[in-house]
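A look at the structure
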Amino acid sequence: MSVQQEIKRLTAPDIRARKGGDPIVMLTSYHAHTARLVDKYCDVILVGDSLGMVMHGLETTIPVTLDMMILQGHAVMRGSKQALVVVDMPFGSYEQSKEQAFASCARVLKETTCGAIKMEGGVRMAETIRFLAERGVPVMAHVGLTPQAINTLGSFKAQGRDEADWARIEDDAKAVAEAGAFSVVIEAVAEPLARKITAEIPIPTIGIGASPACDGQVLVLEDMLGLSTRVPKFVKRYGDLGPGIEAAIKGYAEEVRSRAFPGPEHVYGMKKKG
Ligand code: KIV
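These numbers come from a predicted model, not from an experiment.

Taken together, Thr-28, Leu-46, Gly-48, Asp-49, Ser-50, Asp-88, Lys-118, His-142, Ile-208 and Val-220 make up the full set of residues adjacent to the ligand. One of the side-chain nitrogen or oxygen atoms of Ser-50 is found 2.5 Å away from an oxygen atom of the ligand. Residue composition of the shell around the ligand, by class: three nonpolar, four polar and three charged.

See below:
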């Protein structure tokens with residue numbers, strides 16, 4: 001008799017419970033095929049709004065819509081089995097009011113069946129995070145460099161390199177933790193500040209260009225695979241897939257042009273009669 005083992009997906013409370021424990025491994029994915037691979041090794045898959053820049057070639061994440069996030073969130077859920085899937089809330093879908101945020105998050109949770117959402121902002125979003133958490137929406141917060149603020153920041157620059165800015169970023173992290181976020185991404189923040197915040201707040205911190213002391217780390221998959229054209233300075237490359245993919249496409253194009261492909265083993269013959 002074969003016993004079918006049920007694979008249980010990680011949940012937001014499972015990730016919350018990892019504070020100070022085993023490091024949380026998180027990568028982005030936007031498709032079923034990459035989700036299938038990421039799911040084997042990661043605790044959390046982030047369907048980041050970075051998909052606007054990475055997949056769609058946009059200059060910023062500002063034009064990304066809720067429908068785009070839901071479509072890719074659904075694909076990632078289909079491709080994964082064990083990781084917690086977190087879907088990013090895009091600019092304009094949650095900042096106006098707590099009610100707007102709840103309606104947008106409810107759509108994401110219902111239509112993708114993902115386990116949590118992520119939203120940018122610290123002190124200014126704390127009241128909304130509390131409202132959502134009290135109503136069954138697990139929130140991963142995001143402080144430090146918040147790319148959706150690009151039009152007020154002026155550029156994607158590291159935060160907290162000047163000690164005078166530390167209090168503001170610390171207050172952001174404390175506010176989201178106190179409001180009920182189950183974890184917080186700290187992006188492009190000076191290392192000693194990210195380390196200090198990690199020691200100070202009771203929820204897991206997930207660093208990106210922040211500190212090895214964070215409770216977990218996240219990278220954009222295409223950046224670490226060497227597939228992105230523009231990559232932040234802090235990104236470590238774990239692969240260089242661009243040239244390999246280009247070589248395969250070039251080989252295919254050359255064979256098609258020279259009528260060498262498809263060969264007999266790649267076409268169907270006729271069924272034999274009788
Ligand atoms: O959108 C994204 O991919 C992100 C990560 C960079 C944390 O927010």
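Let us keep going from here.
All right, on to the pairing of strand 7 (residues 205–208) then. Judged by which residues are buried, strand 7 turns out to be covered on both faces: Thr-205 and Gly-207 on one side and Ile-206 and Ile-208 on the other are all buried. Judged from the four bridges that link them, strand 6 (residues 183–187) and strand 7 form a sheet pairing that is parallel. Paired with Val-184 across the bridge in strand 7 is Thr-205. Relative to strand 8 (residues 216–219), strand 7 runs parallel, the two being bridged by two bridges. Following the sheet pairing, Gly-207 is matched in strand 8 by Gln-217.

The subject of this paragraph is the pattern of salt bridges. Taken as a whole and judged by the stated rule, the model has 17 salt bridges. For Arg-107, the salt bridge is made with Glu-111, and the minimal N-O distance between the two is 2.9 Å. Of the two residues, Arg-107 and Glu-111 both sit in helix 5 (residues 98–112), four residues apart, roughly one turn of that helix. Here Arg-107 falls in the partly exposed class, since its relative accessible area comes to 30%.

With that settled, consider helix 6 (residues 126–134). Three- or four-residue spacings in an α-helix give side chains the same orientation, since the helix completes a turn every 3.6 residues. Within helix 6, burial applies to Ala-126, Thr-128, Ile-129, Phe-131 and Leu-132. One or two steps after helix 6, the chain reaches Gly-136, where phi turns positive at roughly 90 degrees.

Strand order in the closed barrel made by the eight strands is 1-2-3-4-5-6-7-8, with parallel pairing throughout. Taking the axes of each pair of neighbouring strands and ignoring which way they run, one obtains an average angle of 25 degrees across the sheet. Seen against the sheet, helix 5 touches strand 3 (84–88) and strand 4 (116–120) and runs at an angle of roughly 145 degrees to strand 4.

A complete count under the given rule lists one aromatic pair for this structure. Ring geometry for Tyr-252 and Phe-261: centres 5.8 Å apart, planes at 70 degrees, overall edge-to-face. Taking the relative accessible area as the measure of exposure, Phe-261 reaches 32% and is therefore partly exposed.

Membership of the largest hydrophobic core comes to 56 residues, with the highest contact counts inside it found for Val-85, Met-89, Val-108, Ile-117, Met-119 and Ile-129. Looking at which element gives the most residues to this core, the answer is helix 8 (residues 166–179), with seven residues. Not counting the four nearest positions on each side in its chain, Val-85 is found in contact with Arg-9, Ile-45, Val-47, Val-76, Met-77, Ser-80, Cys-114, Gly-115 and Ala-116. Residues Val-44, Val-86, Phe-182 and Ile-206 belong to the second largest nonpolar core, which totals 15 residues.

For the rest of this paragraph, the subject is helix 5. Along its 15 residues, helix 5 runs 21 Å from first to last C-alpha, staying within 8% of the 21 Å computed at 1.5 Å per residue. Those residues of helix 5 not exposed but buried are Gln-100, Ala-101, Ser-104, Cys-105, Ala-106, Val-108 and Thr-112. Along its buried surface, helix 5 packs onto helix 4 (66–79), strand 3, strand 4 and helix 6.

With that out of the way, let us pick up the pairing of strand 4. Across the five residues of strand 4, five count as buried, placing the element largely inside the fold. Both strand 3 and strand 4 contribute to a ladder of three bridges, which runs parallel. In the sheet register, Val-86 faces strand 4, and the bridge partner there is Ala-116. At this point the chain moves from strand 3, through helix 5, to the parallel strand 4, and the crossover so formed is right-handed. As paired strands, strand 4 and strand 5 (residues 139–144) are joined by four bridges and run parallel to one another.

A separate point is a nonpolar patch on the surface. Together, Leu-227, Leu-241, Ile-245 and Ile-249 make up an exposed nonpolar region whose accessible area comes to about 330 Å². Mapped onto the elements, Ile-245 comes out in helix 11 (residues 241–257).

In the structure shown here, the tally under the stated rule is zero disulfides. Cysteine Cys-42 is unpaired, with the sulfur of Cys-214 as its nearest cysteine sulfur at 16 Å. Judged by relative accessible area, Cys-214 falls into the buried class, the value being 7%.

Each value, and the rule that gives it
Residues numbered from 1 in each chain as written. Predicted model: local features only at pLDDT ≥ 70, side-chain atom pairs only at ≥ 80, totals over all residues. Heavy atoms only, no water. Near = heavy atom within 4 Å. Polar contact = N/O pair within 3.5 Å; in protein donor to acceptor, adjacent residues only side chain to side chain. Nonpolar A, V, L, I, M, F, W, Y, C, P; charged D, E, K, R; others polar. Buried < 20%, exposed > 50% of the residue type's maximum accessible area, 1.4 Å probe, protein only. Helix = DSSP H or I, 4+ residues; strand = E, 2+ residues; numbered from the N terminus. Pairing = 2+ DSSP bridges. Salt bridge = Lys/Arg side-chain N within 4 Å of Asp/Glu carboxyl O. Axes fitted to C-alpha atoms, helices over the stretch in contact; angles between N-to-C directions. Contact = heavy atoms within 4.5 Å. Phe/Tyr/Trp six-rings, centres within 6.5 Å; stacked < 30°, edge-to-face > 60°. Core = buried A, V, L, I, M, F, W, Y, C linked by side-chain atoms within 4.5 Å. Expected span 1.5 Å × (residues − 1). Right-handed = clockwise from strand over helix to strand, strands pointing away. Patch = residues over 30% accessible without salt bridge, like charges linked within 9 Å, V, L, I, M, F, W, Y side chains within 5 Å. Areas by Shrake-Rupley, 256 points an atom, 1.4 Å probe, with all protein chains shown as cover. Disulfide = S-S within 2.5 Å.

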